[in-house]
Amino acid sequence: MKGELFMLNRTQILTRIFLPFLLLMLSGCLTLTAQSLRLYTPYPEIIVPPGETIDYTIDLINNGASIATAEVFVEGIPETWSHTLRSGGWSARRISVLPKEKKTLNLKVELPYDIDKGNYTFRVNARNHSVLPITIEVSEQGTVKTEFTADQSNMQGHATSDFNFRTKLENQTGEKQLYALSSHAPRGWTVVFKPNYQQATSVEIEPGQSKDISVEIKPPYNVKAGKYTIPVMASTGSSSAQLELEADISGTYGVELTTPEGRLSEKITAGRRKKLDLVVRNSGSTDLNSVRLSANKPRGWEVTFSPDTVPFIAAGESAQVKAEVRAYGKAIPGDYVVSLTAQTPEINADASFRMSVRTPLLWGWLGILIILGAVGTVYWLFSKYGRR
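Residues numbered from 1 in each chain as written. Predicted model: local features only at pLDDT ≥ 70, side-chain atom pairs only at ≥ 80, totals over all residues. Heavy atoms only, no water.

S.K.: Please provide a residue-by-residue account of the overall build of the protein chain, values included.
M.R.: For the protein chain, the count of helices and strands is 2 helices and 27 strands. Burial statistics for the protein chain: of 388 residues in total, 34% are counted as buried. For the protein chain, long-range pairs separated by at least 24 residues make up 67% of all intrachain contacts whose partners lie at least 6 apart in sequence. Of the roughly 24200 Å² of accessible surface on the protein chain, a fraction of 52% belongs to carbon and sulfur atoms. (Helix = DSSP H or I, 4+ residues; strand = E, 2+ residues; numbered from the N terminus. Buried < 20%, exposed > 50% of the residue type's maximum accessible area, 1.4 Å probe, protein only. Contact = heavy atoms within 4.5 Å. Areas by Shrake-Rupley, 256 points an atom, 1.4 Å probe, with all protein chains shown as cover.)

S.K.: Tell me what's going on with the nonpolar core, and back it up with residues and numbers.
M.R.: Judged by nonpolar contacts, the single largest core of 30 residues is most densely connected at L257, L278, V280, L293, W301, F305 and L340. Listed by contribution, the elements that provide at least two residues to this core are β19 (255-258), β21 (273-282), β22 (288-296), β23 (302-306), β24 (309-313), β25 (318-326), β26 (334-343) and β27 (348-358). In terms of residues, this core owes the most to one element, β27, which gives 5 residues. Setting aside anything within four residues of it in sequence, one finds L278 in contact with L257, T258, T259, F305, A319, Q320, V321, A323, L340 and F353. Of all hydrophobic cores here, the second largest spans 29 residues; its members include A68, V74, V97 and L107. (Core = buried A, V, L, I, M, F, W, Y, C linked by side-chain atoms within 4.5 Å.)

S.K.: Any chance you could break down the packing of aromatic side chains for me, citing the residues and the numbers?
M.R.: Per the stated rule, a full pass over the model turns up 3 aromatic pairs. Note on W189 and Y228: the rings are 5.1 Å apart at their centroids and 45° apart in plane angle, and the pair reads as tilted. Separated by 39 residues along the polypeptide, W189 in the loop between β13 (177-183) and β14 (190-195) and Y228 in strand β17 (residues 226-235) bring together distant segments of the chain. A relative accessible area of 10% means that W189 is categorised as buried. Pairing W301 with Y336 gives two aromatic rings, centres 5.2 Å apart and planes at 40°, and the pair type is tilted. (Phe/Tyr/Trp six-rings, centres within 6.5 Å; stacked < 30°, edge-to-face > 60°.)

S.K.: Tell me what's going on with the pattern of salt bridges, and back it up with residues and numbers.
M.R.: For the structure shown, the criterion picks out 14 salt bridges. Within the structure, one salt-bridge network assembled from shared partners comprises R263, E266 and K274. (Salt bridge = Lys/Arg side-chain N within 4 Å of Asp/Glu carboxyl O.)

S.K.: Give a detailed account of the sheet that holds strand β11 (residues 154-157), specifying residues and quantitative values.
M.R.: A sheet is described by the order of its strands in space; here 5 strands give the open sequence β11-β18-β17-β13-β15, paired in mixed fashion. Edge positions in the open sheet fall to β11 and β15 (202-205), since each of these has one partner strand only. Along the sheet, successive strands turn relative to each other by an average axial angle of 25°, direction set aside. Note: β11 against strand β18 (residues 240-249), 4 bridges, orientation parallel. Paired with Q156 across the bridge in β18 is D248. (Pairing = 2+ DSSP bridges. Axes fitted to C-alpha atoms, helices over the stretch in contact; angles between N-to-C directions.)

S.K.: So, the sheet that holds strand β1 (residues 37-40): which residues are in play, and what are the values?
M.R.: Spatially, the 4 strands line up as an open sheet ordered β1-β3-β7-β5, and their pairing is antiparallel. Two strands in the sheet have a free side with no partner beyond their single neighbour: β1 and β5 (82-86). Within this sheet the neighbouring strands show an average axis-to-axis angle of 20°, counted without direction. Bridge count for strand β3 (residues 53-62) against strand β7 (residues 102-110) is 9 bridges, and the pairing is antiparallel. Looking across to β7, one finds that I54 is bridged to V109.

S.K.: Tell me what's going on with the environment of P195, and back it up with residues and numbers.
M.R.: Locating P195 in the fold gives a position in strand β14. Separated by 28 residues in sequence, P195 and T167 have C-alpha atoms that sit 9.6 Å apart. Excluding residues within four positions of it along the chain, P195 makes contact with L181, A200, S202, V203, D212 and I213.

S.K.: Could you give an account of the environment of I230, with specific residues and numbers?
M.R.: For I230, the position within the fold is in strand β17. The exposure class assigned to I230 is buried, which follows from its relative accessible area of 0%. When the C-alpha positions of I230 and L243 are compared, they lie 8.4 Å apart, and in sequence the two are 13 residues distant. Apart from residues lying up to four places away in sequence, I230 is in contact with S183, A185, P186, W189, V191, I217, L243, E244 and L245.

S.K.: Please give an account of the pairing of β13 that cites residues and values.
M.R.: Here 4 bridges tie β13 to β15, and the two strands are oriented antiparallel to one another. Bridge pairing in β15 links Q177 to I205. Examined bridge by bridge, β13 and β17 share 4 bridges and lie antiparallel to one another. When the bridges of β17 are listed, L181 appears paired with A234.

S.K.: Just give me the short version of the confidence of the model for the protein chain, but keep the residues and values in it.
M.R.: Of the residues in the protein chain, 87% reach a pLDDT of 70 or more, and the chain-wide mean stands at 86. Segment residues 26-34: pLDDT under 50, and 3 contacts once partners within four positions in sequence are set aside and those in other chains are kept. (pLDDT = per-residue confidence, 0-100.)

S.K.: Can you explain the environment of Y56? Please cite residues and give values.
M.R.: Mapping Y56 onto the fold places it in strand β3. Residue Y56 is classed as buried on the basis of its relative accessible area of 3%. The spatial distance from the C-alpha of Y56 to the C-alpha of P44 is 9.2 Å, given a sequence separation of 12 residues. Setting aside chain neighbours within four positions, we find Y56 in contact with T41, Y43, I46, L105, N106, L107, V109, F122, I134 and I136.

Listed below in structure tokens is the structure:
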């Protein structure tokens, strides 16, 4: 009995002494196995500006005596950042490394422009083997902002004027930008961009720099008076800005007076009346109000209009007017000029009509009778006194 107790105590003593030692040895072996794969990069902490693209070279090193395989991934990287992890040109999830060799991984990280200044740490993880922390310090407060401003965004002029705006485009992002210049001008308008005094459709600006751009705007022919907004834009794939320029067209005045056929000559009989169809056309870009009709006529002639005043004619539109001309009753046959005028306080137009006066038909027949009577009288005198 005592021998059995002695053997039991001896076993317990050996268990208490050697078991922890065996567990420690086993743990060490497991640790060595787990640490046979190591991740390494020469740049675990760098300083960059916003918007930078960083290419890391990371080695997965096998220090063990057998082939080791691990799942490699990135964790803890901000959601707004873009990144890719590749090896051998592939996006591999599990990588195997021969003993005493290494595999190279390429980690590409793209920082956004709109990012706060500070330190950012994420990890490249070879699951159950190694963790590589990487820190990126953003050197300045980031932004994707681009400013497009004008010294004077509103200009006034006539329809035939060219509007020249002086603008400034400022790149407030973290890298050089190539801006495409464009405009959504109304149909018929011409917009020309001139960075560095030369016409162009794009401009390149370094980070934190600005460029002066001349914007030349030309309205279409016969544009109506009014205020027109011309949006101009500068844009890249990551940043853009818009500027609204305003052209205030005061308009031009124009009026024409003619006939529907364009014919400015008529025949008229002395003492008779002749009706003329007239067209008053607003050939300017500004509406006309109170267009008054008048006439400069030969002595004894009469001219009346219906109506004698046109209240309103929109730009580009026409109005119909009738004129009645009465020739002087004692006017001898020939050509006479009647000048008609359409006028407003701002502008006027004249139309000269050549009126060919004819003798009334009664006087024609009377002349024929006189001639016949004269011929008959001569014949009678000749027949009566000619024999003597």
